[in-house]
Amino acid sequence: MNSEHEIISKMNQFVGSAVSKIKTAIKRMKQLSDMREVHFGRKMLSEDIIEYANSRTLGSSLIDRSCVQYDCQRHFQSNRYKALSTIAAVPYLFFFCAQVLKNRGCVYHPMTSSANSIVYAGSSSNDRIVPEALKNKGDYISAGNINETLFDYDLYCYLKDVFRKSGLHPYFLVIAIRYLAKINYIIKHYNPMTIITTSEASFASSLITDYCHKLNVSHCGVMHGERLIQSETMFFCFDEFYVWDRYYITIFNKLRAYVPEYHVAIPWQDEAFRCSESVPGRVTYYLQDTPRAKLNKVRDALEQLEQLGFSVKVRMHPLESNKQEVISIFGSSRVEPASAISIYESLRSCQYAVSEYSTVLFQAHTFGRVPVVDDLSEEGSIQFLMDRAYIMLNKDHLLLSELLKRDVK
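Caption draft 1: Highlighting the pattern of salt bridges. According to the stated counting rule, one finds 17 salt bridges in the structure shown. The closest approach of N and O atoms between Asp-161 and Arg-164, which form a salt bridge, is 2.7 Å. Of this pair, Asp-161 and Arg-164 both sit in helix 6 (residues 153–166), three residues apart, roughly one helical turn. The exposed category is assigned to Arg-164, whose relative accessible area is 60%. When the shortest N-O distance is used, the salt bridge between Glu-306 and Arg-334 registers 2.9 Å.

Here you go:
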């Protein structure tokens, strides 16, 4: 009997390990595919993106707006990426449709909760991107990146309209059903006055706003990452949206986003007020899931800075997929442990914050540190950022090539 239990236990461990490895491999493949797509997207000029946005005619409904945003995103994607994402979406579409049809007669009643509750349901459990001014508008609840979904009669009726207007586009429908099933769960579970999401770079934003309206809920968006002129954010729609600077509103207006009410608020403002003296000559490079070829160029630049008398650190992005590679290239002593040192502590300690283009450079600016834009690790990066209207190029900053000409003062 014990032997049988041991065999079953070992089989379960083997299956669990195999599934985990498959999930990791799929995640890594997606990351590599996304990185390649980002590089492909650099070939597009901002004037082409804006011209295409202006050429599109919007229908009267938010479903029409979502379809147009989807078309714009796909227009600027590579054929390879479009084909792979469509093929990958097909099995998910069958699964989701089965869930929709299975539960189409179910009716769920919202839970009893505060009449002015505000629920954060962003792309991660980190709600530090939500400004205090927004949290203080009601009874704030942080749900984070939940995976629960709810398929019921309300969602079934709405999805019928989506299917009717969108046609059979597997990738569009999979993303739409996935987002809406999560939002449906949040509404029925929390019964909120407002839902906060970080979906401005998804064509699902308009669908979420539309579905929320049907259930008497408002949809609020918050910035959670740097925004340039890019095809992903064309035509997005929220009832209100929180930006870090009014500059971003001009970008979103160019891309024909529809937001009746913008607010300017910096989520980390209180942390910036508590800023202490930096370590003189400390340079911290903030990576962005950087490929090996660029990592080697970053290392060369940092070694030159060390020769000039600077002390250097490297901090990995939370989504960094090649952590061991980063450690092997830079050495463990140079890599800042993100698990032990928060991003705010990191910014307080550095004098110069270096990255290609990242949220952290805007944060460094508000912390009174010197933002340094990396113009060396990829050829043509500054021209790309100028074309895409990168905000930090319009604020006090240095280029990495300029920092290499300085001595520690």
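Caption draft 2: Spatial organisation of the layout of surface pockets. The volume enclosed by the second largest pocket comes to roughly 200 Å³. Together, 15 residues line the second largest pocket, and Glu-132, Pro-267, Trp-268, Gln-269 and Asp-270 are the ones closest to its centre. Residue assignment for the lining of the second largest pocket shows that the elements contributing at least two residues are helix 5 (132–135) and helix 10 (269–273). Residues that form the lining of the second largest pocket fall into these classes: eight nonpolar, one polar and six charged.

Caption draft 3: Structural view of the sheet that holds strand 7 (residues 282–286). The sheet built from five strands is open, its strands ordered 8-7-9-10-11 with parallel pairing. With partners counted over all chains shown, the strands left at the sheet margins are strand 8 (311–315) and strand 11 (398–399), one partner each. As defined by bridge partners, strand 10 (residues 370–373) adjoins strand 11 across two bridges and the pair is classed as parallel. Within the sheet, the bridge partner assigned to Val-372 lies in strand 11 and is Leu-398.

Caption draft 4: Seen up close, the sheet that holds strand 6 (residues 261–264). One open sheet accounts for six strands, arranged 2-1-3-4-5-6; its pairing is parallel. Of all the strands in the sheet, the pair left with one neighbour each is strand 2 (139–142) and strand 6. The sheet shows a mean angle of 20° between the axes of neighbouring strands, taken without regard to direction. Bridge count between strand 3 (residues 194–197) and strand 4 (residues 218–222): four bridges; the pairing is parallel. When the sheet's bridge partners are listed, Ile-195 is paired in strand 4 with His-219. With respect to the sheet, helix 7 (residues 170–190) is in contact with strand 1 (117–120), strand 2 and strand 3, its orientation differing from that of strand 3 by roughly 145°.

Caption draft 5: Helix 2 (residues 46–55), seen in detail. Buried within helix 2 we find Ser-46, Ile-49, Ile-50, Tyr-52 and Ala-53. Taken down its axis, helix 2 places every buried residue within 160° of arc, on the same side. Away from its buried face by more than 90 degrees, helix 2 exposes Glu-47, Glu-51 and Asn-54. Buried positions along helix 2 lie against helix 3 (62–75), helix 9 (247–254) and helix 15 (381–387).

Cut-offs and rules
- Residues numbered from 1 in each chain as written.
- Predicted model: local features only at pLDDT ≥ 70, side-chain atom pairs only at ≥ 80, totals over all residues.
- Heavy atoms only, no water.
- Salt bridge = Lys/Arg side-chain N within 4 Å of Asp/Glu carboxyl O.
- Helix = DSSP H or I, 4+ residues; strand = E, 2+ residues; numbered from the N terminus.
- Buried < 20%, exposed > 50% of the residue type's maximum accessible area, 1.4 Å probe, protein only.
- 1 Å grid on protein atoms, 1.4 Å probe; cavity = no way out; pocket = protein on both sides within 12 Å on 5 of 7 lines; lining within 4 Å.
- Points joined across faces, edges and corners; volume = space filled by probe spheres on them.
- Nonpolar A, V, L, I, M, F, W, Y, C, P; charged D, E, K, R; others polar.
- Pairing = 2+ DSSP bridges.
- Axes fitted to C-alpha atoms, helices over the stretch in contact; angles between N-to-C directions.
- Contact = heavy atoms within 4.5 Å.
- Arc of directions from axis to C-beta.

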